[in-house]
Amino acid sequence: MEWLDGARCVVCLTFDLDADISWRNILRRHRIERDNPVVLSQGEYGPKAGVPRILRLLKTHNLKAGFFIPGEVAERYPETVMEISGDGHEVGHHGYSHRNPASCSLLEEKEELEKGTEVLEEITGKKPMGYRAPAADMSANTLNLLSKHGLIYDSSMMGDDVPYAIATENKKIIELPIRWILDDWVYFGFNYFPPLEYQSGISSHRKVLEIWSDEFEAVYDEGLYFMLAMHPQIIGIPSRTKMLEKLIQLMKSREDVWFATPLEICQFWKKRMG
Ligand SMILES: [Zn+2]
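Please read these numbers as outputs of a predicted model, since none were measured by experiment. (Residues numbered from 1 in each chain as written. Predicted model: local features only at pLDDT ≥ 70, side-chain atom pairs only at ≥ 80, totals over all residues.)

This next bit is on the overall build of the protein chain. Secondary structure assignment for the protein chain yields 11 helices and nine strands. Scaling as 2.2 N^0.38, a compact globule of 274 residues should have a C-alpha radius of gyration of about 19 Å, and the protein chain matches this with 18 Å. The C-alpha extent of the protein chain, read off along each of the three principal axes, is 55 × 45 × 30 Å. Scored against the burial criterion, the 274 residues of the protein chain give a buried share of 41%. (Helix = DSSP H or I, 4+ residues; strand = E, 2+ residues; numbered from the N terminus. Rg over C-alpha atoms; globule rule 2.2 N^0.38 Å. Buried ≥ 20, exposed ≤ 12 C-beta atoms within 10 Å, placed from the backbone.)

For helix α4 (residues 78-86), the set of buried residues is T80, V81 and I84. Angular distribution of buried residues about the axis of α4 spans 95°; they occupy a single face of the element. Exposed residues lying more than 90 degrees from the buried face of α4 are E79 and G86. Those residues of α4 hidden inside the fold are in contact with α2 (37-60), β2 (66-69), α3 (71-76), β3 (90-93) and α5 (106-124). Remark: G88 follows α4 within two positions and exhibits a positive phi of approximately 90°. (Arc of directions from axis to C-beta. Contact = placed C-beta atoms within 7 Å.)

Counting 63 residues, the largest nonpolar core has V10, V11, I69 and F226 as its most contacted members. Excluding its chain neighbours within four sequence positions, the residues that come into contact with V10 are W3, Y225, F226, W258, A260 and I265. (Core = buried A, V, L, I, M, F, W, Y, C linked by C-beta atoms within 7 Å.)

Moving on: the environment of T14. Within the fold, T14 resides in strand β1 (residues 9-16). The contact partners of T14, leaving out residues within four places of it in the chain, are A65, G66, F68, S155, M227, L228, A229, M230 and P262.

A few words on the environment of E112. In this fold, E112 is placed in helix α5. When the C-alpha atoms of E112 and G71 are compared, they prove to be 8.4 Å apart, with 41 residues separating the residues in sequence.

Written out as structure tokens, the structure is:
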């Protein structure tokens, strides 16, 4: 498959900046009404320490990435969002309060979309064009709402090796698929309390680098698309950002790799499909 300017494969680096609100939602899901400060602080690490380190890495390698940010996180960390956007990275929609869309009524889901867009547009000056579903779930209304709302791509599904179009009641949505083996949370996500989630242990960096490198090599051989979905609170710790750098170095050692933002891939794909 040929990508932009004859590139053999495309690489897309994305980061979901959930901060502490996904942890708050996990506590609520377990009917814990109290905001456990230790649990929440794991998420606060993302905008505070993870993002600056990731931005430094991206700058060093002259790469542009996509950051999916819930509106509520953007409201609380506007400087972080401005810095991300100011560095030329794409800021995408990730809900407002990171609520699972499937747990929302139609009206609530609409509000989540509208509020999320409003906040991001106010801070970055740009309307988000793409969406990643919070909590990796969707309602029966989600795709129709995205399209009605002017979003042109989604990056939450796992149905193919390359982008694909999904029909909605309105315009088609371009899907930029992700896959669990290219997600940092599944290897490194850990929490002590509540004990029901994320206690599978913490993977070795070598193991994850091996899996991601092998996947890149295979994707490169087949001329496909490599979408990494990460979280600043997970990948942003020193040794893991270093691991990501090793992967970037491997990918950059191939000359015909196109590093692109999600929106650039979406636009390329739309043109290609006519
Ligand atoms: Zn998220």
